[in-house]
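If you want the building blocks of each chain, they are given just below.
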Amino acid sequence: MTALRYVYAVCRPFRSALQAQLTGVAGAPPKQLTHHGLVAVVSSVPEADFAEGPLRAHLEDLDWLTVTARAHQQVIDALTAVTTPLPLRLATVFRDDSGVRTMMEAREEDFRRVLDRLEGRVEWGVKVYVDREPAEAAEPAEPGPPEHGAGSGRDYLRRRRMQTRAHEDVWQRATEFSGRLHETLSAFAEDSRLHAPQSAALSTASGQNVLNAAYLVPRADSEEFVELVDREKDDVPGIRVELTGPWAAYSFTAEFAEETGVER
């Protein structure tokens, strides 16, 4: 069976060894491919799954995509622990080692420039969510206004107006808090990115996403950044802050996001 080359990331040579039992996409262990002082971290994947046609079909298969993305991220996380990787997009595949080297040579200047900027830095993610008001969450949902009694109808409308105002109030507080938090964290970080809020339908997190931001922070300053987030958290009912990381700097390597598919 013919094997293709799956590329996870490009980085500078590193001394620390990756985990001995580390496996990547399709269960293959990653290896280093050196070219002009840069390293591409690659593994072999079967052409039957990663050639252009099969790969296109697999990318529509959510289960396959989930397993592949998890294996891809496992390698990136291992690299982030020992060096500063420039991660390439999921399913970046080349015909052979020669194709990988050709890509590295063509983009050598870009890779070096971005790696210089990212060296010794990691990405932290911060999200702010608006949860339902406690009073609203505790009260059983009513399918509609009562059908009998003017008083009960007025009571229903009054409760609905109070719930709406309470939701608007917590949403405004969350928006103002998110703005202050982003300003504070951006001043500390070397760079930041605001992403579109996550859809509640696609997210496993509870509540509605108000802030979805990424921050580029020197690895040595990460502990101080985490403490800063903790200090800035408000004890406001209905507002929740989520911190994730440290990650490879995905949000700051967007220019390499199109390196996807099989290169001939």
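Calculation criteria
- Residue positions within a chain follow its written sequence, with the count starting from 1.
- Restriction of local features to residues with pLDDT of at least 70 applies here, the model being predicted, together with a cutoff of 80 or more for giving and counting side-chain atom pairs; totals for whole chains, interfaces and linings are based on all residues.
- The basis for the side-chain values is all heavy atoms of the structure; hydrogens and waters are excluded.
- In this text, helices come from DSSP runs of H or I with a minimum length of four residues, and strands from runs of E with a minimum of two, each type numbered from the N-terminal end.
- Whenever two N or O atoms come within 3.5 Å, that pair is a polar contact, provided that in protein one can donate a hydrogen and the other can accept it, and provided that, for residues adjacent in sequence, both atoms are side-chain atoms.
- By the convention used here, residues are in contact when the closest approach between their heavy atoms is within 4.5 Å.
- Only the six-membered ring of Trp is used, alongside the rings of Phe and Tyr, when aromatic pairs are assigned; centres must lie within 6.5 Å, and planes under 30 degrees apart are stacked while those over 60 apart are edge-to-face, with the rest tilted.
- Here the term buried applies to any residue with accessible area under 20% of the maximum for its type, exposed to any over 50%, and partly exposed to those in between, with areas from a 1.4 Å probe on protein chains only.
- Note on terminology: a nonpolar core comprises buried Ala, Val, Leu, Ile, Met, Phe, Trp, Tyr and Cys residues joined through side-chain atoms within 4.5 Å.
- Taking the helix axis as origin, the arc is that swept by the directions to the C-beta atoms.
- Throughout, the protein atoms alone are placed on a 1 Å grid, and a set of points is a cavity if a 1.4 Å probe fits but cannot get out or a pocket if it is open with protein on both sides within 12 Å along at least five of seven lines; lining residues have an atom within 4 Å of a point.
- Grid points are joined across faces, edges and corners, and a volume is the space filled by probe spheres set on the points.
- Note: two strands are recorded as paired if DSSP finds a minimum of 2 bridges between them.
- Working convention: axes come from line fits to C-alpha atoms, limited for helices to the stretch in contact. Angles between N-to-C directions cover 0 to 180 degrees.
- Each salt bridge in this description consists of a side-chain nitrogen of Lys or Arg and a carboxyl oxygen of Asp or Glu lying within 4 Å of one another.

Trainee: I would appreciate a short explanation of the side chain of glutamate 108 in the present structure.
Mentor: With respect to the helices and strands, the residue glutamate 108 is situated in helix α5 (residues 108–118). At 3.1 Å, the side chain of glutamate 108 and the side chain of histidine 36 are in polar contact. Leave out the neighbours within four places in its chain, and glutamate 108 touches His36 and Leu38.

Trainee: Explain the packing of aromatic side chains to me, please; I cannot follow it from the model alone.
Mentor: Describing an aromatic ring pair means giving the distance of the ring centres and the angle of the ring planes. According to the stated counting rule, one finds 6 aromatic pairs in the structure shown. Centroid distance tyrosine 6 to phenylalanine 50: 6.0 Å. Interplanar angle 85°. Geometry classified as edge-to-face. Here phenylalanine 50 lies in helix α1 (residues 47–50) and tyrosine 6 lies in strand β1 (residues 3–11), a separation of 44 residues in the sequence. Take tyrosine 6 and phenylalanine 50: they sit in the same class, and that class is buried.

Trainee: What is the right way to read the nonpolar core from this model?
Mentor: Soluble globular proteins: nonpolar side chains tend toward being buried together. The biggest cluster of nonpolar side chains holds 21 residues, and the ones touching the most others in it are Val126, Leu181, Leu185, Tyr215 and Phe225. Within the residue set of this core, elements represented by two or more residues are β6 (121–130), α7 (150–188), β8 (208–218), α8 (222–232) and β9 (239–247). Not counting the four nearest positions on each side in its chain, leucine 181 is found in contact with Val126, Val128, Leu211, Glu232 and Val241.

Trainee: Looking at this model, I keep getting lost on helix α4 (residues 97–106). Mind explaining?
Mentor: The periodicity of an α-helix, 3.6 residues per turn, causes residues three or four positions apart to be oriented the same way. Along α4, the positions that sit buried rather than exposed are Asp97, Val100, Met103 and Met104. In a view along the axis of α4, the buried residues occupy a sector of 125°, so they form one face of it. Of the exposed residues in α4, the ones pointing more than 90 degrees away from its buried face are Thr102 and Ala106. As for α4, its buried residues are in contact with β1, β2 (31–35), β3 (38–46), β5 (92–94) and α5.

Trainee: Looking at this model, I keep getting lost on the layout of surface pockets. Mind explaining?
Mentor: Any space left empty among the atoms is revealed by the rolling of a water-sized probe across them. Quantified by volume, the largest pocket comes out at close to 740 Å³. In this structure, the largest pocket is lined by 23 residues; those nearest its centre are Gln73, Glu123, Trp247, Tyr250 and Ser251. The set of elements that each furnish at least two residues to the lining of the largest pocket consists of α3 (62–82), β6, β8 and β9.

Trainee: What am I meant to see in unusual backbone geometry here?
Mentor: Outside of glycine, negative phi angles account for most residues, and trans bonds account for most peptide bonds. Put simply, glycine 245 and proline 246 share a cis peptide bond, and its omega is 0°. Tracing the backbone through its elements, the reader meets proline 246 in strand β9. Of note, alanine 26 is a non-glycine position whose phi angle comes to about 60°, a positive value. Locating alanine 26 in the fold gives a position in the loop between β1 and β2. You will see that histidine 36, though not glycine, has its phi angle at about 55°, which is positive. Among the structural elements, histidine 36 can be located in the loop between β2 and β3.

Trainee: What is the right way to look at the sheet that holds β6 in this model?
Mentor: Adjacent strands of a sheet form backbone hydrogen bonds with each other and so pair up, either parallel or antiparallel. Pairing is antiparallel in the open sheet, where 4 strands are placed in the order β7-β8-β6-β9. Each edge of the sheet is formed by a strand with only one pairing partner; in this case those strands are β7 (191–194) and β9. Between one strand axis and the next, the sheet turns by 20° as a mean value, whatever way the strands run. Where β6 and β9 come together, 7 bridges link them in antiparallel fashion.

Trainee: Can you help me understand the side chain of threonine 83 in this one?
Mentor: Note that threonine 83 resides in the loop between α3 and β4 (86–87). Look at threonine 83 and you get buried, because its relative accessible area is 12%.

Trainee: I would appreciate a short explanation of the pairing of β1 in the present structure.
Mentor: Every regular strand shows the same layout, with side chains that alternate between the two sheet faces. For β1, the buried fraction is high: 8 of the 9 residues fall into the buried class. For β1 and β3, the ladder comprises 8 bridges, and the chain directions are antiparallel. When the bridges of β3 are listed, cysteine 11 appears paired with valine 39. In the sheet, β1 pairs with β5 via 2 bridges, with the strands oriented antiparallel. Bridging across to β5, arginine 5 finds its partner in phenylalanine 94.

Trainee: Help me understand the pattern of salt bridges, please; the structure alone is not making it clear to me.
Mentor: Oppositely charged side chains can pair when the atoms bearing their charge come close. Applying the stated criterion to the full structure yields 12 salt bridges. In this structure, the salt-bridge partner of arginine 193 is aspartate 191, at a minimum N-O distance of 3.1 Å. In the salt-bridge network here, residues are joined through shared partners; they are Arg5, Lys31 and Asp97.

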